[in-house]
Every structure is written in structure tokens, then in C-alpha cells.
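# Commentary on secondary and tertiary structure
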Amino acid sequence: MPHLAEGIARFQREVFPAKAGLFARLATGHRPGTLFVGCSDARVLPELITQTDPGELFVVRNAGNLVPAHTPGADGVTAAVEYAVAVLGVRDVVVCGHSACGAMTALAEGHDLAAAPAVAAWLRHADASLARTAATGRHGDVDALVRENVTAQLANLATHPSVASALAAGAVRLHGWVFDIADGTVEELPAAGPALAA
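First, a word on scope: everything that follows refers to the structure included in this document.

Rules used in this analysis
- The residue numbers shown here count from 1 along each chain, following its written sequence.
- Two thresholds apply to this predicted model, a pLDDT of at least 70 for residue-level local features and 80 or more for giving and counting side-chain atom pairs, whereas whole-chain, interface and lining totals are computed over all residues.
- The side-chain numbers reported here are obtained from all heavy atoms of the structure, hydrogens and water having been left aside.
- In this scheme, strands are said to pair when DSSP sees at least two bridges between them.
- Counting from the N terminus, the helices are DSSP H or I runs at least four residues long and the strands are E runs at least two residues long.
- To obtain each axis, a line is fitted to C-alpha atoms, and for helices this fit is confined to the stretch in contact; angles are then taken between N-to-C directions over 0 to 180 degrees.
- When a carboxyl oxygen of Asp or Glu is within 4 Å of a side-chain nitrogen of Lys or Arg, the pair counts as a salt bridge.
- When accessible area is computed with a 1.4 Å probe and restricted to protein chains, residues below 20% of their type maximum are described as buried, those above 50% as exposed, and intermediate ones as partly exposed.
- Only buried Ala, Val, Leu, Ile, Met, Phe, Trp, Tyr and Cys residues count toward a nonpolar core, and they belong to the same one when joined by side-chain atoms within 4.5 Å.
- Two distance rules govern patches: like charges are joined within 9 Å, and nonpolar side chains (Val, Leu, Ile, Met, Phe, Trp, Tyr) within 5 Å, applied only to residues with over 30% relative accessible area and no salt bridge.
- Note on areas: Shrake-Rupley, 1.4 Å probe, and residue coverage restricted to the protein chains presented here.
- Contact criterion: two residues are considered in contact whenever any of their non-hydrogen atoms come within 4.5 Å of each other.

This part takes up the sheet that holds strand β3 (residues 92–98). Spatially, β2-β1-β3-β4-β5 is the arrangement adopted by the five strands of the open sheet, whose pairing is mixed. The sheet is open, and its two edges are formed by β2 (57–62) and β5 (186–188), each paired on a single side. Neighbour to neighbour, the strand axes of the sheet diverge by 25 degrees on average, direction disregarded. As paired strands, β3 and strand β4 (residues 173–179) are joined by seven bridges and run parallel to one another. By the bridge assignment, Val93 is partnered in β4 with Leu174.

Right, let's get into the pattern of salt bridges. By the definition in use, this model includes seven salt bridges. Glu14 is paired through a salt bridge with Arg13; the nearest N and O atoms lie 3.4 Å apart. Between Asp41 and Arg43 there is a salt bridge, and its shortest N-O distance comes to 2.6 Å. Under the relative-accessibility criterion, Arg43 is labelled partly exposed at 44%.

We now examine the nonpolar core. Residues Leu35, Val81, Val85, Val93, Met104 and Leu157 are the most contacted members of the largest nonpolar core, which totals 35 residues. For this core, the secondary-structure elements that each account for two or more residues are β1 (34–39), β2, α4 (76–87), β3, α5 (102–108), α8 (142–157), α9 (161–168) and β4. Top contributing element to this core by residue count: α8, with six residues. Judged by nonpolar contacts, the second largest core, of seven residues, contains Phe36, Val44, Cys96 and Phe179.

Our next topic: a nonpolar patch on the surface. Together, Phe11, Val15 and Phe16 make up a nonpolar patch on the protein surface, roughly 220 Å² of accessible area in all. One can find Phe11 in helix α1 (residues 2–15). The exposure class of Phe11 is partly exposed, given its relative accessible area of 34%.

The next subject is the environment of Leu26. Within the secondary structure, Leu26 is located in helix α2 (residues 20–26). What makes Leu26 partly exposed here is its relative accessible area of 26%. Separated by 84 residues in the primary sequence, Leu26 and Gly110 have C-alpha atoms spaced 44 Å apart. Residues in contact with Leu26, not counting those within four places in the same chain, are Pro54 and Gly55.

Spelled out as C-alpha cells, the structure:
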């Protein structure tokens, strides 16, 4: 923990003063242009990858960058998606998977998750991704599963009423990205829409 306290002190001393005007504006509200759904993996930092300032991204992170298909009732991901699209009016939604994803590796390699029942239940939201990967003859291929999972989560996003309405009105675009940790590249999946990054 001492390194976190040191980081806060450095932020207050070196970073905040240079961005004091930005934080003053953000203190009264924000209008991010993009909802970024990414993995909780500590190696995948949306603001670092995209080089964005505070207030530019509305970020949702969870194990496996999963978006459950819409169902009655609420959960944290559904609430965040609805808020970003219906209230904040984001224009773009990115689902970003990444290389060496622990969640996708566990699924692809059939790891025993009995000791982590909540994780096992959560990863059921990637069942369609597993089925798609198997159907292409790439069962057990982590890289293929990462890509199929991004595509499946984009399909799940479109089941949410706020997203479906915004898509029908041409008010939002969906994008699927895969971040490669080793070389720092971001690949936009072809079926996801117009390119945002290379």
C-alpha cells in the first residue's frame, strides 16, 4: 500500500496542478463520448491505451469484458450501459478483449473453477463465445476465443433496449477491439464497424 499513497502524493503534486482546469470543469459534470467495456485485468488500462483524459471514457470493467444479454432486472453492467447510452449519450461503445486473458484462458482450457463458483457463474456469459469458437474448429484456442467473445458481447449489447434504440436512431456505433499486451497494438475486428484505432 505505501506505493499507492506515494502515487496519490505524486498525482496531487505533479499531475493535478497541470490539469486543474480540466478537473474544475469535470467537478460539475461530464460528457464522455465513448463507453469502454474492458476486462478487469490489471495490464489493460483503457485510458493509457487510448491516451484519453479524465472525462472522455465511461469505463466498465469486469472479468472477461462480458456484457450479459438483457434480461428483466438490473445488474451493474446493464445499469452502466443504460446510463452511458440513455443518459450520457455516448456516441461509441467499445468492447475490448485482450491477449492472454485469464478468463478466456480458463474457458478455452477447461480449468476447474469449483473453488471460484461466482467466477464460474459469471463466465457463463461467454457460453456463446465458446460455442462459436468450437464451431470454427478452434476449440481450446485462446486467441480465437478472445475474438469470438468480443463479437458475442457486441451481440449481447444490442439486446439492451437503450442500445437497440440508439442503434436504430443511428445515435451510437458499436466497435470490437482486441488489445495485444506484448506489442501494444489494438486490432478492430472487421464486423464491428468503422475503424477507430490501429
